[in-house]
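Structural overview
Below, each chain spelled out in residue letters.
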Amino acid sequence: MKERYRRWGIQLALFLITLTTTTLAGTEWQYMRYVGFDLNPITWEWFMKGFAFSLPFLGVLTIHEFGHYFTAKWHKVKVTLPYYIPFWFGFLGWVGLIGMPSIGTMGAVIRIKDHINSRKQFFDIGIAGPLAGFVAALAVLFYGFTHLPPKDYIYEIHPEYQYFGDNFEEIVYQKDTFFLTEDYEEQFGPAPAFWPDTMRFGPSDATFALGGNLLMTFFEEYVAPNDEWVPNAYEIIHYPWIFAGYLALFFTALNLIPIGQLDGGHILYGLIGNQLHRKVSAALFISFVFYSGLGTVTLADTSEVLMWEIPLYIGFLYLMFSRLTRSIQTNLMVAVAVFTAQFFISSYFNVQGYFGWLLFAFLIGRMLGIYHPVTFENEALSPTRKVLGWVALLVFVLCFTPNPFGLSM
């Protein structure tokens, strides 16, 4: 009993810390205020506004985890309450640096304390979290898109956009341009204290944009009450409910990737069984790595770069594929083949993948595992479960964003 209370205390403390860090992150994203930055600091008032991001975001994350938790309990599988994982760079502000952008958390995990030997149990526990979180994400996005502020709301965050008029989107993201702060002040009044003397815009300014997926497109076109109020991909971060919903879709897709021991892997294993799942999971993993690494090394690179980058990158691919089979030669051949295909397709067709997915693929290949553990009880799923399983894989397609986070330098 004492051990249980100690564990509950740790879990509660982690939740409160994560609530704090996600609220701080929400304030950073929405209002561009930072801890330790004297000219544009996070005060208590601004911190409270950060809850508009942290509460819906953590709400979806919590519903996802408790979907797993209650389903495991229903199957009489011993399981812990969620452990939330705080993750925030804003503390660098206390040493005089503005922290890198973060969302305040790396998610949450529950610990299953029993050994699961049933294909049906794996399926039920795996599918419950993503489906529950997906429904919650839809609710968050529906609220966000039906409560959009007018377009001029963005001037509260970026007063400098007023300088370019209603067509600022055609300038600040697309063209290299600048204006003097004193010119702005002549038209609109005092500028914020942290502004430089010259404001510069354009694709060379490390602009950050969120990618698109099928569901976001649906909400933008059919749910938003006014097309002009729909935020630009570069500005969604300033709309807390929509940003929280977007991240919820991202993490739903992340969990539903049908490989290995991810939730999607559990679902696919339940649908097609062990033998076929091993083949499909391996093929999907190779395809995932192939797409993710497109554009990493191309003919556009200088010869000096290629001399050391190619063997280094092939070695990186080999590490990802090192557990694909028991044969070192086979794994190396797969790595070389994937690199060769990526190199020529990227060079001649200018196709780009997403390096962030490549890092996640490395995590799957080296830690999470490409293959699903074999279950002793291998009973077929009921027709209802099969339908839910294919629905969950459709949800993955709807939520998946090929390039979720874009940074233009």
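The notes below deal with the structure included here. Fair warning: this is a prediction, and the values are worked out from it, not measured in the lab.

Observations concerning empty space enclosed by the protein
According to the stated counting rule, one finds 1 cavity of 30 Å³ or more in the structure shown. In this structure, the largest cavity encloses a volume near 90 Å³. In this structure, the largest cavity is lined by K151, I154, F168, E169, Y173, E228, W229, V230, P231, N232, E235 and Y239.

Considerations on the pattern of salt bridges
Scanning the entire structure with this criterion turns up 1 salt bridge. Note that R385 and D124 form a salt bridge whose closest N and O atoms lie 2.7 Å from each other. Residue R385 is located in helix α15 (residues 383–399), and its partner D124 is located in helix α4 (residues 119–146); the two are separated by 261 residues in the primary sequence. Considered together, R385 and D124 belong to a single accessibility category, that of buried residues.

Some details on the environment of E379
Of note, E379 is situated in the loop between α14 (355–368) and α15. Side-chain polar atoms of E379 contact the side chain of S118, separated by 3.2 Å.

Digging into the packing of aromatic side chains
Inspection of the entire model under this criterion finds 42 aromatic pairs. Seen from their ring centres, F250 and W357 are 5.6 Å apart, and the 35° between their planes marks the pair as tilted. Taken as a pair, F250 in helix α9 (residues 240–256) and W357 in helix α14 lie far apart in primary sequence, 107 residues in all. When sorted by exposure, F250 lands in the same class as W357, which is buried. Judged by centre distance (5.7 Å) and plane angle (85°), the ring pair of F285 and F321 falls under edge-to-face. Of this pair, F285 sits in helix α11 (residues 274–292) while F321 sits in helix α12 (residues 303–321), and the two are 36 residues apart along the sequence. In this structure, F285 and F321 share a single accessibility class: buried. Lying across the ring of W46, K49 places its NZ or CZ 4.1 Å from the centre.

Considering the side chain of R119
Mapped onto the secondary structure, R119 falls in helix α4. The side chain of R119 sits in the buried core without any salt bridge; E379 is the nearest counter-charge, 6.7 Å away. A polar contact of 2.9 Å, which involves the side chain of R119, links it to the backbone oxygen of G270. Within polar-contact distance, the side chain of R119 engages the side chain of N378 at 3.4 Å. Beyond its immediate sequence surroundings of up to four residues, R119 is in contact with Y269, G270, L271, I272, G273, T375, E377, N378, E379 and A380.

Considering a negative patch on the surface
A grouping of D152, E156, D166, E221, D227 and E228 is seen on the molecular surface, where their side chains present a negatively charged patch. As for its position among the elements, E156 is in helix α5 (residues 154–157).

Digging into the packing of helix α10 (residues 263–272) against α11
Axis separation between α10 and α11 bottoms out at 8 Å; the angle between their running directions is 140°. Overall, the two elements α10 and α11 adopt an arrangement that is oblique. Read as a crossing pair, α10 and α11 show a hand that is right-handed. Along the contact surface, α10 presents G265, L268, Y269 and I272, while α11 presents N274, L276, H277, V280 and L284.

Concerning helix α13 (residues 328–349)
Taking 1.5 Å per residue as the helical rise, α13 with its 22 residues ought to reach 32 Å, and the 31 Å between its terminal C-alpha atoms agrees with that figure. Of all the residues in α13, the buried ones are N331, V334, A335, V338, F339, Q342, F343 and S346. Along the long axis of α13, the arc covered by the buried residues comes to 160°, so they all point the same way. In α13, the exposed positions that point more than 90 degrees away from the buried face belong to Q329, M333, Y348 and F349. Positive phi shows up at N350, right after α13, with a value of about 55°.

Side note on unusual backbone geometry
Here the phi dihedral of K76 falls at roughly 60°; this positive angle occurs in a residue that is not glycine. Within the secondary structure, K76 sits in the loop between α3 (51–74) and β1 (83–87). Notably, N350 is not glycine yet its phi reads approximately 55°, a positive angle. Mapped onto the fold, N350 is located in the loop between α13 and α14.

Observations regarding the packing of α4 against α15
Contact geometry for α4 and α15: axes closest at 10 Å, N-to-C directions at 45°. One way to sum up the angle between α4 and α15 is to call them oblique. Judged by the twist between their axes, the crossing of α4 over α15 is left-handed. Between α4 and α15, the contacting residues are K120, F123, D124, I127, L131 and F134 on the first element and R385, L388, G389, A392, V395 and C399 on the second. In terms of residue class, the contact of α4 with α15 is made up of 8 nonpolar, 1 polar and 3 charged.

The rules we used
Residues numbered from 1 in each chain as written. Predicted model: local features only at pLDDT ≥ 70, side-chain atom pairs only at ≥ 80, totals over all residues. Heavy atoms only, no water. 1 Å grid on protein atoms, 1.4 Å probe; cavity = no way out; pocket = protein on both sides within 12 Å on 5 of 7 lines; lining within 4 Å. Points joined across faces, edges and corners; volume = space filled by probe spheres on them. Salt bridge = Lys/Arg side-chain N within 4 Å of Asp/Glu carboxyl O. Helix = DSSP H or I, 4+ residues; strand = E, 2+ residues; numbered from the N terminus. Buried < 20%, exposed > 50% of the residue type's maximum accessible area, 1.4 Å probe, protein only. Polar contact = N/O pair within 3.5 Å; in protein donor to acceptor, adjacent residues only side chain to side chain. Phe/Tyr/Trp six-rings, centres within 6.5 Å; stacked < 30°, edge-to-face > 60°. Lys NZ or Arg CZ within 6 Å of the ring centre and 35° of its normal. Lys, Arg positive; Asp, Glu negative; His and termini not counted. Contact = heavy atoms within 4.5 Å. Patch = residues over 30% accessible without salt bridge, like charges linked within 9 Å, V, L, I, M, F, W, Y side chains within 5 Å. Areas by Shrake-Rupley, 256 points an atom, 1.4 Å probe, with all protein chains shown as cover. Charge placed at Lys NZ, Arg CZ, Asp CG, Glu CD. Axes fitted to C-alpha atoms, helices over the stretch in contact; angles between N-to-C directions. Parallel < 35°, antiparallel > 145°, perpendicular 65-115°, else oblique. Left-handed = near helix turned anticlockwise from the far one by under 90°. Expected span 1.5 Å × (residues − 1). Arc of directions from axis to C-beta. Nonpolar A, V, L, I, M, F, W, Y, C, P; charged D, E, K, R; others polar.

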